[in-house]
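The primary structure of each chain is shown beneath.
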Amino acid sequence: MPHDHPHHDNHLDPMDARVRALETILTRKGLVDPAAIDVIVETYAHKVGPRNGAAVVARAWTDPAFADWLARDATAAVGSMGFTGRQGEHVQAVFNTPQTHNVVVCTLCSCYPWTLLGLPPVWYKSPAYRSRVVIEPRAVLAEFGLDLPPECQVRVWDSTAELRYLVVPLRPAGTEGWSAERLATLVTRDSMVGTGIAQAPQ
Amino acid sequence: MTRPDTPETPFDAPWQAQVFGLTVALSDGGLFTWDAWTRAFGARLAAGVGYWDAWVQALEGMLAQCGIAPPDEVTALANRWQDAAHATPHGVAIRLENAPG
């Protein structure tokens with residue numbers, strides 16, 4: 001091939017080139033709209049995050065009727081706050097108690113309640129977390145800095161495409177009379193996956 | 001003990017965001033269910049492939065299986081994109097039309 005064209009040293013990662021190729025084929029066939037892809041990426045990279053889930057948890061802490069609804073039909077309860085899964089998945093809320101700590105994993109891939117927590121963190125997607133938390137949850141939680149009392153049982157929930165879990169952590173002591181908005185600031189992402197607990201008030 | 005959430009970007013490279021958006025858009029459009037997607041993706045992960053490489057492989061596999069994007073066509077077009085990158089100066093968006101020949 002004659003090199004009569006300008007040559008630069010731009011080089012695409014091979015995966016980058018393949019993804020561009022897929023997108024080109026699908027766009028040409030009218031199966032995707034590049035603008036729609038941009039909106040999806042923008043939404044999940046920047047707009048949707050754990051603040052949604054924190055609002056749900058804080059409301060459950062302050063509104064017993066909502067907590068009851070969340071326990072019975074979390075999909076409808078979070079839907080009433082505008083958080084609806086785009087893939088038609090159901091949400092189940094699992095409530096921590098002094099006797100039971102809940103932790104969530106997806107052993108198959110990385111199913112996660114996107115609309116409530118955003119996209120999963122790197123550790124949630126790692127083979128180590130996905131395989132180990134089922135076998136030795138206490139050891140994994142200890143690595144997250146969470147040392148549970150021996151009398152506290154650990155329940156592990158395995159997410160699927162159709163059913164995603166939200167952990168409702170215990171409300172921290174010393175927050176009596178707090179508003180839901182203020183309480184939400186104590187609800188961390190990790191506390192809603194079960195690898196942490198809600199923060200204590202400063 | 002509690003620790004603050006570590007801020008994290010969900011993607012390490014733009015192509016990861018792109019293939020994520022592409023897959024969600026295809027599922028939104030009804031080409032496959034998210035359940036079917038997770039099974040294909042999970043199978044690649046179970047084979048020990050890294051997270052985002054597994055994602056691309058799974059999507060390629062599904063699109064090849066239904067005849068929408070035959071692997072040869074994907075490879076040929078990926079090469080064209082690479083040619084376009086080589087022919088594009090730094091700081092300029094890479095466009096497929098810039099591939100020489």
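Everything numeric here is computed off the predicted structure, so don't read it as measured data. (Residues numbered from 1 in each chain as written. Chains lettered and ligands numbered in written order. Predicted model: local features only at pLDDT ≥ 70, side-chain atom pairs only at ≥ 80, totals over all residues. Heavy atoms only, no water.)

1. Some thoughts on the packing of aromatic side chains
With the rule as written, the count across this model stands at 25 aromatic pairs over all chains. Seen in terms of ring centroids, Tyr44(A) and Phe20(B) are 5.8 Å apart; in terms of plane orientation they differ by 85 degrees. Their pairing is edge-to-face. Pair noted here: Tyr44(A) is in helix H2 (residues 34-47) and Phe20(B) is in helix H1 (residues 14-28), and the two residues belong to different chains. Given a relative accessible area of 4%, Tyr44(A) falls into the buried group. The class of Phe20(B) is buried, set by a relative accessible area of 1%. (Phe/Tyr/Trp six-rings, centres within 6.5 Å; stacked < 30°, edge-to-face > 60°. Helix = DSSP H or I, 4+ residues; strand = E, 2+ residues; numbered from the N terminus. Buried < 20%, exposed > 50% of the residue type's maximum accessible area, 1.4 Å probe, protein only.)

2. A closer look at the domain arrangement of chain A
When its domains are assigned, chain A resolves into domain 1 (14-46) and domain 2 (49-193). The straight-line distance from the C-alpha centre of domain 1 of chain A to that of domain 2 of chain A is 31 Å. (Domains from an automatic or database assignment.)

3. Here we look at the state of the cysteines
Residues and elements named next belong to chain A. For the structure on display, the rule yields zero disulfides over all chains. Its sulfur unpaired, cysteine 106 is 3.8 Å from the next cysteine sulfur, which belongs to cysteine 111. Distance from the sulfur of cysteine 109, which forms no disulfide, to the nearest cysteine sulfur (cysteine 111) is 3.9 Å. Taking the relative accessible area as the measure of exposure, cysteine 109 reaches 2% and is therefore buried. (Disulfide = S-S within 2.5 Å.)

4. Overview of the interface of chain B and chain A
The interface is formed by 54 residues belonging to chain B together with 56 residues belonging to chain A. With both sides pooled, the region where chain B packs onto chain A buries about 5300 Å², and carbon together with sulfur makes up 64% of that total. The tally of links between chain B and chain A comes to one salt bridge. Taking the shortest distance from any N to any O, the salt bridge between Glu60(B) and Arg18(A) comes out at 2.5 Å. At the level of elements, H1, helix H2 (34-46), helix H3 (51-65) and helix H4 (71-86) of chain B are the ones that each hand at least two residues to the side of chain B that touches chain A. (Contact = heavy atoms within 4.5 Å. Buried area = accessible area lost by both parts, 1.4 Å probe. Salt bridge = Lys/Arg side-chain N within 4 Å of Asp/Glu carboxyl O.)

5. Digging into helix H3 (residues 50-62) of chain A
Residue and element names in this part refer to chain A. Counted at 1.5 Å a residue, the expected span for H3 with its 13 residues is 18 Å, and the 19 Å between its end C-alpha atoms agrees. For H3, the full list of buried residues reads Asn52, Gly53, Ala54, Val56, Val57, Ala58, Ala60 and Trp61. Looking at the buried residues of H3, the elements they touch are helix H4 (64-72), helix H5 (74-79), helix H6 (114-117), strand S4 (163-168), helix H10 (180-184) and helix H11 (189-193). (Expected span 1.5 Å × (residues − 1).)

6. Thoughts on the packing of helix H1 (residues 14-28) of chain A against H4(B)
Look at H1(A) against H4(B): their axes get within 8 Å of each other, and the N-to-C directions meet at 115 degrees. In terms of axis orientation, H1(A) runs roughly perpendicular to H4(B). The chirality of how H1(A) crosses H4(B) is right-handed. Across the interface between the two elements, Ala17(A), Arg18(A), Arg20(A), Ala21(A), Leu22(A), Thr24(A), Ile25(A) and Arg28(A) from H1(A) touch Pro71(B), Glu73(B), Val74(B), Thr75(B), Leu77(B), Ala78(B), Trp81(B) and Gln82(B) from H4(B). Residue classes in the contact of H1(A) with H4(B) are distributed as nine nonpolar, three polar and four charged. (Axes fitted to C-alpha atoms, helices over the stretch in contact; angles between N-to-C directions. Parallel < 35°, antiparallel > 145°, perpendicular 65-115°, else oblique. Left-handed = near helix turned anticlockwise from the far one by under 90°. Nonpolar A, V, L, I, M, F, W, Y, C, P; charged D, E, K, R; others polar.)

7. Thoughts on the environment of Leu117(A)
All names here are of chain A. Residue position: leucine 117 is located in helix H6. Overall, leucine 117 belongs to the buried group, its relative accessible area being 3%. If near-sequence neighbours (up to four positions away) are discounted, leucine 117 is found in contact with Gly49, Pro50, Gly53, Tyr112, Leu166, Met192 and Val193.

8. A few points about the nonpolar core
The biggest cluster of nonpolar side chains holds 100 residues, and the ones touching the most others in it are Leu70(A), Tyr129(A), Phe20(B), Trp37(B), Phe41(B), Trp55(B) and Leu59(B). In terms of residue count, H3(B) provides more of this core than any other element does, nine residues in total. Summarising the domain contributions, this core has at least three residues from each of domain 1 (14-46) and domain 2 (49-193) of chain A. (Core = buried A, V, L, I, M, F, W, Y, C linked by side-chain atoms within 4.5 Å.)

9. Brief notes about the side chain of Glu60(B)
Relative to the elements of secondary structure, Glu60(B) occurs in helix H3. Overall, Glu60(B) belongs to the buried group, its relative accessible area being 16%. Once residues lying within four places of it in the same chain are set aside, the contact partners of Glu60(B) are Arg18(A), Leu22(A) and Val74(B).

10. Looking at the pattern of salt bridges
Charged atoms that come close allow side chains of opposite charge to pair. Under the defined criterion, the tally for this structure stands at 10 salt bridges over all chains. Here Asp35(B) ties to Arg39(B) by a salt bridge, and the two come within 2.9 Å at their closest N and O atoms. Of the two residues, Asp35(B) and Arg39(B) are both situated in helix H2; the distance of four residues between them amounts to about one turn of the helix. Each of Arg132(A), Glu136(A) and Glu143(A) takes part in a single network of salt bridges with overlapping partners.

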